[in-house]
Amino acid sequence: MRCLPMRLAASATLIVLSAFPTFAASPQEDLVREWLEVTAMGLDVKVGGSSYNPATASVVLENVVFGGEGSWARIDFPVFVVTDPRKTAAGMFAAHAVRGENMKATLHIDPAAWFPELAKKIAETGGGAENSGPDQDEDGVDASVDVSAAYDVELTADLLLYERIETPLEPAKVAADADTITRVLAHARHSLAARADWFEMDNLRTVTRGLPEGESETSYELIFATGIHDGRIERSGYNNYRGTTTAGEFKQAFSAETSYMSGMDLGAVLAVLDPASVKAGKPDGRWRTVVQQQGIVNMSIEAEGVAVKLGLIELDVQQMRQTEKSVVEIFQAVFADPEAVEKDPLAFVSTILPNLTGLMRFNSLAIDNTEMTGPDGVAASLAELDISDIDGEGIGAITLRRGELTVDPQTSGKFNVVSLGNIRFGALKPLLELGAATEGGGEPPPELIRAALIDGMPRTDFAELNGLSINTPLGTFGLSALTVTGGDWLGSIARRGEFAWTALNFPVTAITDPSAKDELTAMGYEQISVSGGASWSWDTDKGIVRLDDATVTVADMGLVSFDAEVNGLPLSILDNPDLIEQRMQDVALVGSSFRFGNNSIVERTFEAQAKKLNQKPEDFRDNFANALPLMLGFLEDKTIQDRFAAVLKDFFKDPRSLVVTAKPAAPLPFTAIEALGNDGVGPLLDALKFKIVANQ
């Protein structure tokens, strides 16, 4: 929103300064004439009158018209005043003030004229104006968008003002046959020598017509910049922005109270983007600060019955650097020969993406006090969104604080914190190489699959959710905290990690299984609260995978925990897809354990069952324990049945804990476990060194 009016204002100013009064009679008017000739943009200029007032040291131009029929711009000023024009000792033009009143302008933007080869290609492929059809979407908007279509921008402003301005008296050096981008860069380099203490436009209004996306209108009470020198703008912004976009029946409205920017450095931008700034064709890779800080205060957007308000958007320290291949040169080549992209789109993507993603980085982005309202009572809010250390390789952290969502009067939710830490996007090169290998239906080699898996996938070291609460017609669901961490990274593969959650709460009435709901209700449960966690590790060279302390605790019920270790899973198993099935046969169990800790669930279960059978709980428990040998008959091994029955009988008499372990003398392949199971339970349990103990 800010960039368009600033660019339009800058363009209008340059055109304004191109005026040449044809009957200058004083040295001051001659100097203004020389200056305007240097800054002219090739437009014809008509001046109704010119005079010099010695009392105010002002050159006054009246009824000034720049451009007109057939040109890309026309600007009208009833009054245009240059106060105290003079030449400095360094040969620069200087003035105390340049002031234009009641400006009216029309700019004709014609991409097809500026980039003819690209426009020709768009037309040939059906995207040009001559090929665009009457297709419309449901809002009556023309769906055949012509990106090369010309359009007009109308501007009016009550005042255009520069104070204490200095600009070169030598014109920008541009070759006659230079393309549009080269011309823009040349004029940008030329502007680095300009300076001004203050710039402003009052009550700027713009109307854009002719775009396929629709007609737009904007207004600004004030646009300003101060401290313009050596390619820098120390401070700039706007006040009271309003805007609308209309396309068929669709209408979108924007507004913002104010914006601000500090420390903008056009010289740094040119040092990055201008191919002429790259020494000996070798980019220096040095990060340059192009904007210190920028922000928008109290912004709102409304469309289709949805309204979004943002209290503050603030971006800190935007930096740019020279990349391996200049982005400007890439696009110059595209504009000059668009067919090259069509002939080899993958080569274009492989070139442009790494250079675009490596071009910029930002220290932080903060969005505060976001509110959204929609149809049927839908509403959402977010107190804070903070994103730090943003570049083409990843993001340092994303944190959302105090979010709420209301769907209807009975359905809503909120959270305190959602956070992601050290997010890495993954490398583009292995993904592009994998894409090239599969082009045409080919089978990619394993090394490319592995490289894409290890280096091309995104990852995050840390994720956290805190204070989640969801209200539904079935009741309230909640989660106190959830954390997931990863470490010992091999590319995008975490070889160590942990996850844990605390107090996942939900009402028994929300359980959809009627029998489970009835059983839990009979045992006296109204709310279920579950906590747990686990850690894991993977030695990708030795193929050892461990799961440690995988625990689930249910309040007022009990806990279960599980540990396991297997081997035979090195990362190299992916090297030959044809052998994966064969190598999986070597995956073996090193050992495992399972623990159950009772916290009233056993007693409540017995009490509920005893009540159903009209028995005393202690009698039912004794009867159950005495029946254990019979219930274990499926094992078909009297020795094992007796051993298990004795342990379980002790547990049910005093239900505290059960621990089951399997620790074979040597790692036991899962294929062997399956084969032993076919010979009966006894041989399998012996091979596993299976043990079960109670209350220890």
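Residues numbered from 1 in each chain as written. Predicted model: local features only at pLDDT ≥ 70, side-chain atom pairs only at ≥ 80, totals over all residues. Heavy atoms only, no water.

S.K.: How do you make sense of the overall build of the protein chain when you look at a structure like this?
M.R.: Within the protein chain, the secondary structure is distributed over 19 helices and 26 strands. What you see for the protein chain is a C-alpha radius of gyration of 37 Å, clearly larger than the 26 Å of a compact globule of 696 residues, by over 25%. A total of 696 residues make up the protein chain; the buried ones form 40% of that total. The contacts of the protein chain with a sequence gap of at least 6 include a subset with a gap of at least 24, amounting to 62%. Of the accessible surface of the protein chain, which amounts to about 36,000 Å², a share of 55% is contributed by carbon and sulfur atoms. (Helix = DSSP H or I, 4+ residues; strand = E, 2+ residues; numbered from the N terminus. Rg over C-alpha atoms; globule rule 2.2 N^0.38 Å. Buried < 20%, exposed > 50% of the residue type's maximum accessible area, 1.4 Å probe, protein only. Contact = heavy atoms within 4.5 Å. Areas by Shrake-Rupley, 256 points an atom, 1.4 Å probe, with all protein chains shown as cover.)

S.K.: Teacher, can you tell me more about the nonpolar core here?
M.R.: Burial of nonpolar side chains together is a common tendency in soluble globular proteins. If you look at the biggest cluster of nonpolar residues, it comprises 90 residues, and the most contacted ones within it are Val 82, Val 98, Phe 199, Leu 520, Tyr 525 and Ile 528. Judged by nonpolar contacts, the second largest core, of 11 residues, contains Ala 268, Val 269, Val 272 and Val 291. (Core = buried A, V, L, I, M, F, W, Y, C linked by side-chain atoms within 4.5 Å.)

S.K.: Is there a simple way to explain the packing of aromatic side chains in this structure?
M.R.: For any pair of aromatic rings, geometry is given as the distance between the ring centres together with the angle between the planes. Enumeration over the complete set of coordinates arrives at 15 aromatic pairs. Measuring from centroid to centroid gives 5.7 Å for Phe 606 and Phe 620, while their planes differ by 65°, and the two rings are edge-to-face. One end of the pair, Phe 606, is in helix H14 (residues 601–612); the other, Phe 620, is in helix H15 (residues 617–626), with 14 residues separating them in the sequence. By the burial criterion, Phe 606 is buried, and Phe 620 matches it. Taken together, the ring pairs in this structure connect Phe 596, Phe 606, Phe 620, Phe 624, Phe 651 and Phe 652 into an aromatic cluster. (Phe/Tyr/Trp six-rings, centres within 6.5 Å; stacked < 30°, edge-to-face > 60°.)

S.K.: It is not clear to me how the pattern of salt bridges should be interpreted in this structure. Could you clarify?
M.R.: Working definition: two side chains of opposite charge can pair if their charged atoms are close together. Summed over the entire model, instances satisfying the criterion amount to 22 salt bridges. Here Arg 99 and Glu 101 are joined by a salt bridge, their closest N and O atoms 3.0 Å apart. Residue classification places Glu 101 among the partly exposed positions, given a relative accessible area of 26%. Salt bridges sharing partners connect three or more residues here, namely Glu 384, Asp 386, Arg 401 and Arg 402. (Salt bridge = Lys/Arg side-chain N within 4 Å of Asp/Glu carboxyl O.)

S.K.: In this structure, what is going on with the layout of surface pockets? I would like to understand it.
M.R.: With a probe scaled to a water molecule rolled over the atoms, the places where space remains empty come into view. Reported here for the second largest pocket is a volume of approximately 330 Å³. Lining the second largest pocket are 13 residues, with Pro 354, Thr 357, Gly 392, Glu 393 and Leu 428 positioned closest to its centre. When residues of the lining of the second largest pocket are traced back to their parent elements, those giving at least two are helix H9 (345–357) and helix H10 (428–438). Here the residues of the lining of the second largest pocket sort into 5 nonpolar, 4 polar and 4 charged. (1 Å grid on protein atoms, 1.4 Å probe; cavity = no way out; pocket = protein on both sides within 12 Å on 5 of 7 lines; lining within 4 Å. Points joined across faces, edges and corners; volume = space filled by probe spheres on them. Nonpolar A, V, L, I, M, F, W, Y, C, P; charged D, E, K, R; others polar.)

S.K.: Looking at this structure, I do not really get a nonpolar patch on the surface. What am I missing?
M.R.: Taken together, the side chains of Leu 431, Leu 453, Met 457 and Leu 574 define a hydrophobic patch exposed on the protein surface, amounting to about 280 Å² of accessible area. Checked against the element boundaries, Leu 453 lands in helix H11 (residues 446–455). (Patch = residues over 30% accessible without salt bridge, like charges linked within 9 Å, V, L, I, M, F, W, Y side chains within 5 Å.)

Nothing here speaks to function; it is geometry throughout.
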